[in-house]
Amino acid sequence: MNEQTFMKLMQLLPKSALSSAVGLATRLPAPAPVHRMAMKAFAKAYNVDMDEAEHAFDRYSTFAEFFTRGLKPGLRPVDAGEKVVVSPVDGRVSQVGYSDNGRCLQAKGIEYTVDELLGDKEAAKPFHGGAWTTIYLSPRDYHRIHAPLGGMITGYAYIPGEFWPVNPASVKNKQSLFCVNERLVTYLDTVAGKCAVVKVGATCVSRIKAAYDEVITHAGKPGKVHAYSTHLPVEKGGELGRFEMGSTVILLFEPKRVKWEDGLQPEEVVRLGRRIGEIV
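Residues numbered from 1 in each chain as written. Predicted model: local features only at pLDDT ≥ 70, side-chain atom pairs only at ≥ 80, totals over all residues. Heavy atoms only, no water.

Student: Please explain the packing of aromatic side chains as it appears in this structure.
Tutor: Between two aromatic rings, the relevant description is the distance of the centres plus the angle of the planes. If you walk through the whole model with that rule in mind, you get 12 aromatic pairs. Seen in terms of ring centroids, phenylalanine 63 and phenylalanine 66 are 5.5 Å apart; in terms of plane orientation they differ by 70 degrees. Their pairing is edge-to-face. One end of the pair is phenylalanine 63 and the other is phenylalanine 66, both in helix H4 (residues 63-67) and 3 residues apart, which spans about a single turn. Residue phenylalanine 63 is classed as buried on the basis of its relative accessible area of 12%. Among the aromatic residues, ring-to-ring pairing joins Phe42, Tyr46, Phe57, Tyr60, Phe63, Phe66 and Phe67 into one connected group. (Phe/Tyr/Trp six-rings, centres within 6.5 Å; stacked < 30°, edge-to-face > 60°. Helix = DSSP H or I, 4+ residues; strand = E, 2+ residues; numbered from the N terminus. Buried < 20%, exposed > 50% of the residue type's maximum accessible area, 1.4 Å probe, protein only.)

Structure follows, in structure tokens:
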């Protein structure tokens, strides 16, 4: 199927309803043999490395538990360097750079603004001109999201939206894809200043869950912005949330505070805790 045909089909597909239905199915109880069969089939189809998983198949009571599985302790050591920015996820770099007048690159010929992404011009102002990167999580990846630097969680914003796929075909063809889809933004104050960790939903990403509060996104839920009167501490590499099915994370920093590693380029595979930049 070529990309244009795929995009036309996606236009017609009831993406929100499909995502809700898939999410419900992954959380429903079912006979253990059925769950194990589904998990093993998924792991084989997407080449999931179960040697890294915290538990074996028989320890997960639902498919959703398997998909949001933890890693074996110590498997992703977090670079402890004081000036080191680490990858918040396992994934592959889609794009990386420094926002020019608040503009970020989605794909060749397609840009979007930080204002659109965060849905709030005032919240976006600190990130104009700063370092940003987009990391795609494939179905085989570990699907929990962590802090790239230690600091304080100052608030969050849930921005309802659509459920377009975030695969390469959509990224190259759907204008402002990451600003159209559902997002959950976590705001941090760090040693590098303000940071926004943007978790982007997609087709069959039924929910995004925060680890620091009772925040669970889902189709049809109203948007919400919340600022904590007492900020919540988080260490570098501390868990911020998880995707129930795969998607994309975008990191934003203030200008002249973070410099990306020279080797951090599109298509680069990254792992949680690995050095991807430094504080300047």
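Student: I keep staring at the sheet that holds strand S10 (residues 207-210) and nothing clicks. Help me out?
Tutor: Adjacent strands of a sheet form backbone hydrogen bonds with each other and so pair up, either parallel or antiparallel. Reading across the sheet, the 3 strands line up as S6-S12-S10 and stay open at both edges, with antiparallel pairing between neighbours. Two strands bound the open sheet, and with one partner strand each, they are strand S6 (144-146) and S10. The mean angle between the axes of side-by-side strands here comes to 20 degrees, regardless of whether they run parallel or antiparallel. In this structure, S6 lies alongside strand S12 (residues 239-244), joined through 3 bridges in antiparallel fashion. Among the inter-strand pairings, arginine 144 is bridged to a residue of S12, identified as arginine 242. (Pairing = 2+ DSSP bridges. Axes fitted to C-alpha atoms, helices over the stretch in contact; angles between N-to-C directions.)

Student: Teacher, can you tell me more about the UniProt feature "modified residue: Pyruvic acid (Ser)" (unreviewed entry) in the protein chain here?
Tutor: Mapped onto this structure's residue numbering, the UniProt feature "modified residue: Pyruvic acid (Ser)" (unreviewed entry) falls at Ser247. Residue serine 247 is classed as buried on the basis of its relative accessible area of 0%. (UniProt positions renumbered as here; feature names shortened; annotations may be inferred.)

Student: I would appreciate a short explanation of the sheet that holds strand S14 (residues 258-260) in the present structure.
Tutor: The 3 strands lie next to each other as S1-S16-S14, forming an open sheet whose pairing is antiparallel. Where the open sheet ends on each side, the last strands, each with one partner, are strand S1 (84-86) and S14. Between one strand and the next, the sheet's axes are offset by a mean angle of 35 degrees, whatever the strand orientation. Here 3 bridges tie S14 to strand S16 (residues 275-279), and the two strands are oriented antiparallel to one another. By the bridge assignment, valine 258 is partnered in S16 with isoleucine 279.

Student: Which parts of the structure should I look at to understand unusual backbone geometry?
Tutor: Excluding glycine, residues mostly carry a negative phi; peptide bonds, for their part, are mostly trans. Phi is positive for serine 176, close to 50 degrees, though the residue is something other than glycine. The residue serine 176 is located in the loop between helix H7 (168-173) and helix H8 (177-180) in this model. On the basis of relative accessible area, serine 176 is assigned to the buried category, the value being 10%. Even without being glycine, glutamate 267 reaches a positive phi, approximately 80 degrees. Tracing the chain through its elements places glutamate 267 in the loop between S14 and strand S15 (269-270). Judged by relative accessible area, glutamate 267 falls into the exposed class, the value being 53%.

Student: Got a minute to help me understand the environment of cysteine 104 in this structure?
Tutor: Take cysteine 104: it is sitting in strand S3 (residues 103-107). Sequence separation between cysteine 104 and threonine 133 is 29 residues; the distance between their C-alpha atoms is 8.8 Å. Contacts of cysteine 104, omitting those with residues within four sequence positions, involve Ser99, Ile110, Glu111, Tyr112, Val114 and Trp132. (Contact = heavy atoms within 4.5 Å.)

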